[in-house]
Structure formats: C-alpha cells, structure tokens
Amino acid sequence: MAYLTLNRPKLQANFDFLETLFGEHHIDWGITTKLLCGNKLFLNEVIRLGRLELLDSRISNLRAIKELSPEAQTVYIKPPASALIEDLVTWADVSFNTELETIRAISAEAVRQNKQHLIIIMIEMGDLREGCCARTSRRSTSRCSGCPTSRSSASAPT
C-alpha cells in the first residue's frame, strides 16, 4: 500500500520558492491537488499556504476544496462528461474544454445556477490528446462569445 507523508516545512519551502519565482516573472499560478485525492487534512495544508487557485481532475475533490474554502477558485482540468455539467458548474469556477456543445451546455447550466463560469479552450499542440486545432481556435472562441455567463480564454500548454 502506498502512503503519502506531508512534510510541512518542505511544502512551505517549495511553495515559497515557486511564489517568488513566478512572482518575479508576473506569472499567476495555481496548485494542482489531484494527488491529494480530496483528503481534507492535506487540502487544509495547501489552503493554508494562501494560494487559492486550486486545480483538480475530480469534481468530488473540488467539492472538498469548496467545503473547506468557499472563496477558493476551483479549476476542473479535464474536459467534462455531459453527465457532470451540473456538478461541474456547482463546484468548479473554471474548466478546460474543447467541444462547443459542452461549452454551450456549461453556459446553459451556469445561467440556470445564476453563476459565471470561466472556460479555458484547450489548443491541441501535437500530442493528439485533447484540444481544438490551433488554426481553428479563433473560430472556436468567437462561437463561444454568445454564451451568456461564460467567459472564454484560449490556452496552450507551455
């Protein structure tokens, strides 16, 4: 069985290093928490660091974050299945997406919940995993501009 040990001083030192490094270059950043599997003890330690943009690939983990820190900005980092849209809008403030149909469904749900939901459109960069074609990304974002309560922003991995 695998065990995860939290070393607070090392966590703090790593956080301080990254905060300084990214701050010097005016880079806004967030912490991916998926390896913590929604463990509230560990999530509280990450929240305590003060960087309240937390990213995860499971909605249940984002729910745990929101229960601990309602003011945290939560980011769902994989394209959502259509069956998850209601929970996605409830627990995630931001999501990564590729499909116009999904973006429209998220927008409709955001209207229903009276929320604004930021959508980051993923651009395919050659690994053929996820994302829309770079050459059609402007068309994809312009099609999304009519979705009420949704803002869109193109994103490409670095």
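Caption draft 1: Layout of the environment of R8. Position of R8 relative to the elements: it lies in helix α1 (residues 8-24). Judged by relative accessible area, R8 falls into the partly exposed class, the value being 45%. Considered as a pair, R8 and V46 are 38 residues apart in the sequence and their alpha carbons are 9.6 Å apart.

Caption draft 2: Region of the structure containing the confidence of the model for the chain. With 78% of its residues at a pLDDT of 70 or more, the chain has an overall mean of 84. Within the chain, strand β6 (residues 150-155) has the poorest average pLDDT of any element, 48, and helix α4 (residues 85-91) the best, 98. Under a pLDDT of 50 for its full length, residues 150-158 has, in the predicted model, 24 contacts with residues more than four places off or in other chains.

Caption draft 3: Spotlight on the pairing of strand β3 (residues 73-76). Taken together, the four bridges between strand β2 (residues 53-56) and β3 define a ladder with parallel strand orientation. Each bridged residue has a counterpart across the sheet, and for L55 the counterpart in β3 is V75. Assessed by its sense of winding, the connection that carries the chain from β2 through helix α3 (residues 59-68) to β3 is right-handed. In terms of strand pairing, β3 meets strand β4 (residues 94-97) through two bridges, oriented parallel. Bridge assignment links V75 to a residue of β4, and that residue is V94. The handedness of the β3 to β4 crossover, carried by α4, is right-handed.

Caption draft 4: Examining the side chain of R51 more closely. Tracing the sequence through the fold places R51 in the loop between α2 (40-48) and β2. A polar contact of 3.0 Å, which involves the side chain of R51, links it to the side chain of D28. Setting aside residues up to four positions removed in sequence, R51 forms contacts with F15, E19, D28, W29, G30 and I31.

Caption draft 5: Molecular detail of the pattern of salt bridges. Counted by the stated rule, this structure contains nine salt bridges. Ionic pairing is found between D93 and K66, a salt bridge with its closest N-O pair at 2.8 Å. Placement of the pair is D93 in the loop between α4 and β4 and K66 in helix α3, with a sequence separation of 27 residues. Of the charged contacts in the structure, one is a salt bridge between E109 and R112, with a shortest N-O distance of 2.7 Å. Of the two residues, E109 and R112 are both situated in helix α5 (residues 100-113); the distance of three residues between them amounts to about one turn of the helix. Given a relative accessible area of 53%, R112 falls into the exposed group. Within the structure, one salt-bridge network assembled from shared partners comprises R8, E45 and R48.

About the cut-offs
Residues numbered from 1 in each chain as written. Predicted model: local features only at pLDDT ≥ 70, side-chain atom pairs only at ≥ 80, totals over all residues. Heavy atoms only, no water. Helix = DSSP H or I, 4+ residues; strand = E, 2+ residues; numbered from the N terminus. Buried < 20%, exposed > 50% of the residue type's maximum accessible area, 1.4 Å probe, protein only. pLDDT = per-residue confidence, 0-100. Contact = heavy atoms within 4.5 Å. Pairing = 2+ DSSP bridges. Right-handed = clockwise from strand over helix to strand, strands pointing away. Polar contact = N/O pair within 3.5 Å; in protein donor to acceptor, adjacent residues only side chain to side chain. Salt bridge = Lys/Arg side-chain N within 4 Å of Asp/Glu carboxyl O.

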